[in-house]
Amino acid sequence: MAKIDFTKIVKPYYKNAVIALEELIKINSVYDQATISTSAPYGKGVKKALNYIAELGELFGFEVDRCDNYLSELTFGKGDKLISVFAHADVVPSGHGWEQDPFIPFYKKGCLYGRGATDDKGPLMAAFYAIKALKDNNLINNYRVRLVVGGDEERGSSCLKYYFEQLKKEQPTFGFTPDATFPLVYGEKGITNFISEKNINLPEIVSLKGGLAFNSVIDQATLQFLADEQFAEFLKKTRKIETKVLEQYVMEATFSGVSAHGSMPEKGKNAGLLALEAYAEFYQNKEIKKLISLFKDFNGKPFGGFKKGKNLGLTTYNLGVIEYQNKTLTLKVNFRYPEKTNVNECIKNFDLASGFTSKAIYDSPPLLFSLKSKLVKTLLNVYRDESDDKKTKPITMGGGTYAKNAENTIAFGPAFPYEVNNIHNANEFINIKNFELQMIIYARAIYELGNLK
Ligand SMILES: [Zn+2]
């Protein structure tokens, strides 16, 4: 392959890429139920962001398909081979704690701040200008390049399912999604959500509620109990929790935990379990104590749900939602597992140990590429060659990128190892130098994949 200087090719686009990124960050593209319509399946903000990408594509001579406003698809080139890049235009809600308005880009020490700067608007723009640079330099020959921009990645990638299942779009010859970390992610754990229920009499409790989603650690739980001054006193003394009196005979206590992603329950503190623990300790409830002990280890060891994969690591169980009402205790669990795991057996073992009855409601099997595959070798080589990092090894993770929804596709960047971009948190940013390096890496990666024999 002729030696091409990709830095030189991409450099003239740096400035416009940053300006386009700023404009995209200004569009608040959080999923918005209130403004959903048939022409805006994820709400007005997401539609506006997708439209911005589509218009940019039209302006620069790409073939554009708006995909019923579920995604924007930009294509260029001719040939059988299809290289696809899957990015997303939706962002998670801004949350609290920002130094400035999360939808008005601001700079600090060479970094651009704003919601979506790294996840995923920055890499999306880096990929777009990488493709434009290749196009303008006549480097897209005998293959097609496609930038597929989704509108619903953050809530579970319904957009990409729509793309392949409803619109029956073509699977790529090779693809990558710039939505994780460099060097690349060659494996993602399987994910199963299950709901467990048990009829159980907790006479002192009126209700218990905590958590919103399977895939995050419960950060707050509210326990309502039959008025009991001694229990209120116990909570105050041992847990520093103040109790509210709702009615003469009902009291309420709110337990605070620490939120964390469902793939890493060990990084959080589960408020639902804290509430159960306080209850079981004070009222000496053995059944609940037993249940808590099953979740003490996040990997399922206490109930025979532990598995370890050679590549994908350990099983994890995250209790995401808890509810007690009308003598029924309900648990919603996000279970992530490595290759060669018998999912049904793990769940059955949980039921045997806990006395609960569980039902799996979602399953996404594990993803694993060979380190010797052409796709992995090509991308790894491009990354090592264009960055200063010659050593960091490809990784596997808890999972959940677009790579699971498309064939021959792998998560590649955009974060550099040891970089903290505050993704999903306050003050998310992208380092402009790294943004430029992403453009170089993506341009070369697309070119090399397109020319792979
Ligand atoms: Zn993302």
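Cut-offs applied
Residues numbered from 1 in each chain as written. Predicted model: local features only at pLDDT ≥ 70, side-chain atom pairs only at ≥ 80, totals over all residues. Heavy atoms only, no water. Donors = N, O, S within 2.8 Å, 3.2 Å for Na, K, Ca; no water. Tetrahedral: all angles 85-135°; square planar, octahedral: opposite > 155°, others 65-115°. Helix = DSSP H or I, 4+ residues; strand = E, 2+ residues; numbered from the N terminus. Buried < 20%, exposed > 50% of the residue type's maximum accessible area, 1.4 Å probe, protein only. Salt bridge = Lys/Arg side-chain N within 4 Å of Asp/Glu carboxyl O. Phe/Tyr/Trp six-rings, centres within 6.5 Å; stacked < 30°, edge-to-face > 60°. Lys NZ or Arg CZ within 6 Å of the ring centre and 35° of its normal. Pairing = 2+ DSSP bridges. Axes fitted to C-alpha atoms, helices over the stretch in contact; angles between N-to-C directions. Contact = heavy atoms within 4.5 Å. Parallel < 35°, antiparallel > 145°, perpendicular 65-115°, else oblique. Left-handed = near helix turned anticlockwise from the far one by under 90°. Nonpolar A, V, L, I, M, F, W, Y, C, P; charged D, E, K, R; others polar. Domains from an automatic or database assignment. Buried area = accessible area lost by both parts, 1.4 Å probe. Polar contact = N/O pair within 3.5 Å; in protein donor to acceptor, adjacent residues only side chain to side chain. Expected span 1.5 Å × (residues − 1). Core = buried A, V, L, I, M, F, W, Y, C linked by side-chain atoms within 4.5 Å.

Novice: Can you tell me about the coordination of the zinc ion, naming the residues and giving the values?
Specialist: Here the zinc ion is held by the protein donor atoms His88 (NE2), Asp119 (OD), Asp179 (OD) and Asp179 (OD), which lie 1.9 to 2.7 Å from it. Taken together, the four donor atoms coordinating the zinc ion span angles of 52 to 145° at the metal, a pattern that classifies the geometry as irregular. When the donors of the zinc ion are listed by position in the chain, the intervening gaps give H-x30-D-x59-D. On the criterion of sequence distance, the pair formed by His88 in strand β3 (residues 82-88) and Asp119 in the loop between β5 (111-113) and α4 (121-136) is long-range, its members being 31 residues apart. For His88, a relative accessible area of 0% corresponds to the buried category.

Novice: Residue-level account of the pattern of salt bridges, with values.
Specialist: This model, assessed by the stated rule, comprises 19 salt bridges. Look at the salt bridges and you will find they share partners, linking Asp65, Glu73, Arg146 and Lys169 into a network.

Novice: An account of the packing of aromatic side chains is needed here, citing residue identities and associated values.
Specialist: The final tally for this structure, using the stated rule, is 36 aromatic pairs. For the pair Phe231 and Tyr283, a centre-to-centre distance of 5.1 Å together with 55° between the ring planes defines the contact as tilted. You can see Phe231 sitting in helix α6 (residues 229-239) and its partner Tyr283 sitting in helix α7 (residues 271-283), a full 52 residues away along the chain. Each member of the pair, Phe231 as well as Tyr283, carries the same accessibility label: buried. Arranged with centres 5.0 Å apart and planes meeting at 80°, the rings of Phe303 and Tyr317 form a pair that is edge-to-face. Separated by 14 residues along the polypeptide, Phe303 in the loop between α8 (286-295) and β15 (308-309) and Tyr317 in strand β17 (residues 316-325) bring together distant segments of the chain. There is no split in this pair, since Phe303 and Tyr317 are both buried. Among the aromatic residues, those joined into a ring-pair cluster are Phe194, Phe295, Phe303, Tyr317, Phe335, Tyr337, Phe350 and Phe356. Just above the ring of Phe60 sits the side chain of Lys132; from NZ or CZ to the centre is 4.2 Å.

Novice: Go over the sheet that holds strand β14 (residues 250-256), please, and point to the residues and values.
Specialist: Strand pairing in a sheet relies on backbone hydrogen bonds. The paired strands run either parallel or antiparallel. Reading across the sheet, the eight strands line up as β13-β14-β12-β11-β17-β18-β10-β19 and stay open at both edges, with antiparallel pairing between neighbours. A single partner strand is all that each edge strand has here, and the edge strands are β13 (243-247) and β19 (357-364). With strand direction ignored, the average angle separating the axes of adjacent strands in the sheet is 20°. Together, β10 (190-199), β17, β18 (328-337) and β19 form the strand contacts of helix α9 (residues 343-354), whose direction differs from that of β10 by roughly 25°.

Novice: Can you tell me about the packing of α6 against α7, naming the residues and giving the values?
Specialist: Here α6 crosses α7 at 120°, and the two axes come no closer than 11 Å. Considered as vectors, α6 and α7 are oriented oblique to each other. Of the two possible hands of crossing, α6 and α7 adopt the one that is right-handed. Counting all contacts with α6, which are made through Gln230, Phe231, Phe234, Leu235 and Arg239, the residues of α7 involved are Glu277, Ala278, Tyr279, Glu281, Phe282 and Tyr283. Residue composition of the contact of α6 with α7, by class: seven nonpolar, one polar and three charged.

Novice: Describe the environment of Gln220, listing the residues and the values that go with them.
Specialist: The residue Gln220 is located in strand β12 (residues 220-226) in this model. Taking the relative accessible area as the measure of exposure, Gln220 reaches 45% and is therefore partly exposed. Each C-alpha atom of the pair Gln220 and Asn334 lies 17 Å from the other, and the pair is 114 residues apart in sequence. Not counting the four nearest positions on each side in its chain, Gln220 is found in contact with Lys209, Gly210, Gly211, Thr254, Phe255, Ser256 and Ala271.

Novice: Break down the sheet that holds strand β4 (residues 106-108) for me, citing the residues and quoting the values.
Specialist: One open sheet holds the three strands; their spatial order is β4-β5-β24, and the pairing between them is antiparallel. Two strands lie at the open edges of the sheet, namely β4 and β24 (429-431), each paired on one side alone. With strand direction ignored, the average angle separating the axes of adjacent strands in the sheet is 25°. When β4 meets β5, the two strands line up antiparallel, connected through three bridges. Considered in β5, the bridge of Lys108 is made with Cys111. Helix-sheet contacts for helix α11 (residues 432-450) involve β4, β5 and β24, and the interaxial angle to β24 is about 70°.

Novice: Any chance you could break down the domain arrangement of the protein chain for me, citing the residues and the numbers?
Specialist: Taken domain by domain, the protein chain comprises domain 1 (6-188 + 367-450) and domain 2 (190-364). Domain 1 and domain 2 are separated by 36 Å when their C-alpha centres are compared. Interface area, domain 1 with domain 2, both sides summed: about 670 Å², of which 51% is carbon and sulfur. Contact with domain 2 buries area across many residues of domain 1, yet Leu368, Gly398 and Lys404 alone supply 50% of it, more than any other trio. Run the count over domain 1 and domain 2 and you get zero salt bridges. Counting across the interface, domain 1 meets domain 2 through three residue pairs in polar contact (both at pLDDT 80 or more).

Novice: Got a sec to walk through helix α10 (residues 374-386)? Specific residues and values, please.
Specialist: Here α10 is 13 residues long and its end C-alpha atoms lie 18 Å apart, about the 18 Å a rise of 1.5 Å per residue gives. Residues of α10 that are buried: Leu375, Val376, Thr378, Leu379, Leu380, Val382, Tyr383 and Glu386. Contacts from the buried residues of α10 go to α1 (6-10), β7 (174-177), β9 (185-188), β22 (409-411) and α11.

Novice: Tell me about the nonpolar core, residues and numbers included.
Specialist: Formed by 85 residues in total, the largest nonpolar core has its most connected members in Met125, Phe176 and Phe412. The greatest single-element share of this core, amounting to twelve residues, is contributed by α11. Residues in contact with Phe176, not counting those within four places in the same chain, are Ser84, Val85, Phe86, Leu379, Thr409, Ile410, Phe412, Tyr442, Ala445, Ile446 and Leu449. Ranked by size, the runner-up nonpolar core spans 45 residues in total, among them Ala221, Phe225, Phe255 and Ile322.

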